[in-house]
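Chains, contacts and geometry: an overview
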Amino acid sequence: DEILRSLAGLPSPPGLAPPGWRVPVDCVRANELCAGEPSCSSRYRTLRQCLAGRDRNTMLANKECQAALEVLQESPLYDCRCKRGMKKELQCLQIYWSIHLGLAEGEEFYEASPYEPVTSRLSDIFRLASIFSGMDPATTSKSNHCLDAAKACNLNDNCKRLRSGYISTCSRELSATEPCSRRKCHKALRQFFDRVPGEFTFRLLFCSCKDPACAERRRQTIVPSCSYEDKDKPNCLDLRGACRADHLCRSRLADFHTNCQATFQSLTSCPGDNFQACLGSYAGLIGFDITPNYVDASTTSITISPWCSCKGSGNMEEECEKFLQDFTENPCLRNAIQAFGNGTDVNLSPKNPNPAVTALPKAEKSPILPDDVNDSNTAYDASVISTCSSLQEQGLKPNNSKEQSLCYSEAQLTTDVMPDQKTFMDPKAGSSRHRESRILLLIPILM
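Residues numbered from 1 in each chain as written. Predicted model: local features only at pLDDT ≥ 70, side-chain atom pairs only at ≥ 80, totals over all residues. Heavy atoms only, no water.

An unreviewed UniProt entry annotates the protein chain as GDNF family receptor alpha-2 originating from Eulacestoma nigropectus. Under the UniProt heading Sequence similarities (unreviewed entry), the entry covering the protein chain gives this text: "Belongs to the GDNFR family." If you open the UniProt record of the protein chain and go to Subcellular location (unreviewed entry), you find "Cell membrane". (UniProt positions renumbered as here; feature names shortened; annotations may be inferred.)

Okay, structure coming up:
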């Protein structure tokens, strides 16, 4: 039931939600409910006055402020959350932070996410990736998954339009000294990742690569020369401070820390072993000054970092390194990206490292790689792409060519295409029962 609900985009029933979690009211609605109750409304105004210009201890020492806080803790406002991409997202986040910024214990290193938790696991996104990565090994070894992801995006009108939009905006040179409008580029990127389904955006961001040409295409996904790189690297704490001054950026950073903070209490190093939540919060950071990206075109290791360093941190160097390592040395984020590339939602067995490959030298400004040219070093028919689900959604049928052989039913995918792939049901269970029945039928004959 949980799997079917996630595939249909339906919310999980209360019994399937994480322990201790209750469905929150969004902060815009909570604010309206509070405004309709005189006691809540007056206490909320009082608390806002208490929070303005006072530290937490001073506020709690005031009896009127304490009373307002006690009333507020029983109202929907206290537990309200926001949905990413909702119509009034910024207003919702402003209401959330107007309360929680003052209630925090000083300047916390990690802040709780203002967004509703992601409860789905084996979604259609990972199912598509498993179809994609479960092909014949001989074919897969020659495939450029990042090129295929771009072609899949081009088959979807919304994905193609918004992707073309941000590539055009981020590649438009304004002058010799101003290569692009970074502000407009970031806005176009945010629109792309907020409005296009994860089945397309995740495949572009987290496609698996076996050669540096493919990995360079993956690195170029967000047009880093405009959205990511700059002349000088700022200090990471300065970058974090600037992000926290903006409600939207602060929310996305808090969401990343909530869902991608490495933990030793799970098998995958991710909170709740939830890879999808981590990948979604990573994508949510793209389009801000704190935008993360792949640092190189290496295929042997995945290193993610925002464009910053810890030089000049002074006595804050330890805190700066801790913040930077949440990106560069984060096993949760690395495992989530590798799991998606492998087409598995949770990958518990360590993979053997790929043989060393020399990375491509970094150019001053790499051109955007075209989608009609295979940039892999191997001979591969780039017209063959695993986009059957996209074609079916649009009511199209693949031609009777190589594409036809890639479209299978779920039963075929379970038994023929992906015999070793983890699925929701064990495909071997049925066959073993058939073998047992045949053995039982043979016993009287032998006797």
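Still more ground to cover, so stick around.
1. Some words on the pattern of salt bridges
Inspection of every chain in the model, using the stated rule, returns 10 salt bridges. A cluster of three or more residues bridged by salt bridges with shared partners is formed by Arg84, Glu89, Asp194 and Arg252. (Salt bridge = Lys/Arg side-chain N within 4 Å of Asp/Glu carboxyl O.)

2. Here's the deal with the environment of Ala35
Among the structural elements, Ala35 can be located in helix H2 (residues 27-35). Since its relative accessible area comes to 54%, Ala35 is described here as exposed. Residues Ala35 and Arg45, 10 residues apart in the sequence, show an inter-C-alpha distance of 10.0 Å. (Helix = DSSP H or I, 4+ residues; strand = E, 2+ residues; numbered from the N terminus. Buried < 20%, exposed > 50% of the residue type's maximum accessible area, 1.4 Å probe, protein only.)

3. Some thoughts on the packing of helix H17 (residues 275-284) against helix H19 (residues 331-342)
In a packed pair of helices, the relevant descriptors are the angle between the two axes and the axis-to-axis distance. Remark: H17 packs on H19, axes separated minimally by 9 Å, with the N-to-C direction vectors making an angle of 100°. In terms of their interaxial angle, H17 and H19 are classed as roughly perpendicular. Of the residues in H19, those touching H17 at Phe275, Cys278, Leu279 and Tyr282 are Cys332, Leu333, Asn335, Ala336, Ile337, Ala339 and Phe340. Broken down by class, the residue content of the contact of H17 with H19 amounts to 10 nonpolar, 1 polar and no charged. (Axes fitted to C-alpha atoms, helices over the stretch in contact; angles between N-to-C directions. Parallel < 35°, antiparallel > 145°, perpendicular 65-115°, else oblique. Contact = heavy atoms within 4.5 Å. Nonpolar A, V, L, I, M, F, W, Y, C, P; charged D, E, K, R; others polar.)

4. Focus on the nonpolar core
Counting 85 residues, the largest nonpolar core has Phe192, Phe206 and Ile290 as the members making the most contacts within it. Here this core gathers at least three residues from each of two domains, domain 1 (27-101) and domain 2 (143-342). Excluding its chain neighbours within four sequence positions, the residues that come into contact with Ile290 are Leu239, Arg240, Cys243, Cys249, Leu253, Leu285, Pro306 and Phe323. Judged by nonpolar contacts, the second largest core, of 6 residues, contains Cys146, Cys207, Cys209 and Ala297. (Core = buried A, V, L, I, M, F, W, Y, C linked by side-chain atoms within 4.5 Å. Domains from an automatic or database assignment.)

5. Re helix H5 (residues 63-73)
Three or more residues of H5 are buried, namely Cys65, Ala68, Leu69 and Leu72. With its buried residues spanning 100° around the axis, H5 presents them on a single face. Turned more than 90 degrees from where H5 packs its buried face, Lys63 and Glu70 sit exposed. The N-cap of H5, judged by a side-chain oxygen 2.8 Å from the amide nitrogen of Glu64 a few residues on, is Asn62. (Arc of directions from axis to C-beta. Polar contact = N/O pair within 3.5 Å; in protein donor to acceptor, adjacent residues only side chain to side chain.)

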